[in-house]
2 protein chains.
Amino acid sequence: MPSPIDFYFDFTSPYAYLMSEKIDALAARFDRSVIWRPFLLGVAFQASGASPFSVQSPKAPYLLRDFDRSAHFLGVPYTLPAKFPLATQNAARAYYWLQDLDAQQARAFAHAAFRALFIGGRDISSSGEIVALAAEQGADGEALAEALSAPALKERLKAECAATIANGVFGAPFVIIDGEPFFGVDRLPQIERWLTSGGF
Amino acid sequence: MPSPIDFYFDFTSPYAYLMSEKIDALAARFDRSVIWRPFLLGVAFQASGASPFSVQSPKAPYLLRDFDRSAHFLGVPYTLPAKFPLATQNAARAYYWLQDLDAQQARAFAHAAFRALFIGGRDISSSGEIVALAAEQGADGEALAEALSAPALKERLKAECAATIANGVFGAPFVIIDGEPFFGVDRLPQIERWLTSGGF
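Treat the numbers as computed from the prediction; the structure is a model and nothing was measured.

Q: Which parts of the structure should I look at to understand the nonpolar core?
A: The nonpolar side chains of a soluble globular protein tend to be buried with one another. Residues F11, W36, F109 and V175 of chain A are the most contacted members of the largest nonpolar core, which totals 71 residues. In terms of residue count, the dominant contributor to this core is helix 6 (residues 103-118) of chain A (nine residues). Y62 of chain A together with V34, W97 and W194 of chain B belong to the second largest nonpolar core, which has 70 residues in total.

Following this line, the structure appears as structure tokens:
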């Protein structure tokens with residue numbers, strides 16, 4: 001059994017959302033599983049000195065256009081949310097909390113959170129929205145709400161972010177296969193070739 | 001006759017070099033010509049607040065790997081030059097000087113300069129190397145050497161850089177087709193779809 005693929009992402013990244021709709025099926029064609037690893041882009045940007053998305057940036061008009069065009073290109077439904085970008089601490093913490101209880105439920109929650117944001121336009125920065133989304137997947141909403149406001153889960157996400165950066169991740173989506181790093185949803189064709197040939 | 005495609009690039013960008021080996025043939029399949037427009041990434045980065053490539057950056061190991069992998073993926077010969085990145089004022093100025101005299105010669109020179117850097121490992125920041133490369137394409141080396149040290153050509157490149165930034169270009173390679181912007185050689189599949197369908 002080949003080793004699993006690592007998929008690093010932040011829930012606020014449209015390109016990460018597009019990757020989230022593609023990577024599992026691609027990996028499955030090569031008998032690979034995928035470990036989903038949400039982190040906070042803000043922490044990675046601070047480490048690398050990069051700037052987060054800003055509507056004031058000269059790149060913003062291009063990026064907004066490219067999000068839309070890339071979604072169409074990949075056949076994934078997408079609408080720019082009214083609130084964008086947004087804070088994803090609650091979503092990422094909820095993911096790790098669920099992951100420790102039920103990996104399948106965590107995966108379903110992650111898909112639901114991405115789609116709530118990029119199809120439904122919901123404000124997934126709010127802990128209430130996150131608890132509701134998790135409960136829709138069958139999770140214990142009350143227990144999650146409690147966990148979200150306790151220090152342990154905050155420390156857990158901090159540790160995950162530190163590990164992510166230590167692994168060379170500086171943006172999202174970021175996929176690592178057998179140590180080979182791929183940054184951006186536009187690397188899907190190179191990921192496919194790598195999985196096919198085990199090299200360049 | 002459909003309108004020409006604009007191809008903006010800096011000679012020091014490996015991704016721009018890869019695009020330079022692909023864009024003309026792709027455009028020709030759709031009866032399009034391509035206008036090559038060298039500019040200085042440093043000027044664009046200053047305008048947008050972005051950082052130039054640096055071996056000190058946390059992204060550097062990834063980028064160096066990705067240059068190589070992307071070249072293999074696209075089937076283009078590539079070796080990281082010993083001197084990288086390097087200053088491309090002379091190359092860009094020579095291009096515009098040649099362009100005004102003989103567009104075909106300018107195109108041949110641009111290919112030669114990219115290949116001298118990314119296949120031959122030659123130091124194309126030097127005006128002597130640039131004059132030699134132009135002379136190899138049949139240009140008048142002596143006249144070019146004189147033009148390179150006169151103010152008019154410097155002003156010309158300044159104006160081209162300003163026009164490039166005014167067109168929304170913030171990186172390289174950057175391709176604009178009928179007003180639609182595409183950033184990065186990884187947008188080749190989206191460029192092809194756009195040329196096929198005239199839209200998303």
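Q: Could you clarify how one ought to interpret the interface of chain B and chain A in this entry?
A: At the junction of the two partners, chain B supplies 27 residues and chain A supplies 27 residues. Carbon and sulfur atoms supply 59% of the area that chain B and chain A bury against each other, a total of about 2,800 Å² over both sides. Linking chain B with chain A are eight salt bridges. In this structure, the salt-bridge partner of D186 of chain A is R187 of chain B, at a minimum N-O distance of 2.9 Å. Of all elements in the fold, only helix 3 (41-48), helix 4 (60-74), strand 4 (180-183) and helix 10 (188-197) of chain B reach the threshold of two or more residues within the side of chain B that touches chain A. Each residue belonging to the side of chain B that touches chain A can be placed in one class, and the counts come to 14 nonpolar, four polar and nine charged.

Q: Mind showing me how you'd approach the side chain of S20 of chain A here?
A: Residues and elements named next belong to chain A. Within the secondary structure, S20 is located in helix 1 (residues 14-20). Relative accessible area serves as the criterion here: at 1%, S20 is assigned to the buried category. Engagement of the side chain of S20 in a polar contact is seen with the backbone oxygen of Y17, the distance being 2.6 Å. If we skip the residues at most four places from it in the chain, S20 touches F7, W36, H111 and F114.

Q: How should the pattern of salt bridges be read in this particular structure?
A: When charged atoms on two side chains of opposite charge get close, those side chains can pair. For the structure shown, the criterion picks out 34 salt bridges over all chains. Between R122 of chain A and E129 of chain A there is a salt bridge, with the nearest N and O atoms lying 2.6 Å from each other. Note on E129 of chain A: relative accessible area 22%, which makes it partly exposed. Residues E136 of chain B and R122 of chain B are paired through a salt bridge, measuring 3.5 Å at the closest nitrogen-oxygen approach. Taken as a pair, E136 of chain B in helix 7 (residues 127-136) and R122 of chain B in the loop between helix 6 (103-118) and helix 7 lie far apart in primary sequence, 14 residues in all. Judged by its relative accessible area of 52%, E136 of chain B falls in the exposed class. Residue class for R122 of chain B comes out partly exposed when judged on its relative accessible area of 28%. A single salt-bridge network, built from bridges that share partners, covers R65, D66, R69, E180, D186 and R187 of chain A together with R65, D66, R69, E180, D186 and R187 of chain B.

Procedures and definitions
- Residues numbered from 1 in each chain as written.
- Chains lettered and ligands numbered in written order.
- Predicted model: local features only at pLDDT ≥ 70, side-chain atom pairs only at ≥ 80, totals over all residues.
- Heavy atoms only, no water.
- Core = buried A, V, L, I, M, F, W, Y, C linked by side-chain atoms within 4.5 Å.
- Buried < 20%, exposed > 50% of the residue type's maximum accessible area, 1.4 Å probe, protein only.
- Helix = DSSP H or I, 4+ residues; strand = E, 2+ residues; numbered from the N terminus.
- Contact = heavy atoms within 4.5 Å.
- Buried area = accessible area lost by both parts, 1.4 Å probe.
- Salt bridge = Lys/Arg side-chain N within 4 Å of Asp/Glu carboxyl O.
- Nonpolar A, V, L, I, M, F, W, Y, C, P; charged D, E, K, R; others polar.
- Polar contact = N/O pair within 3.5 Å; in protein donor to acceptor, adjacent residues only side chain to side chain.

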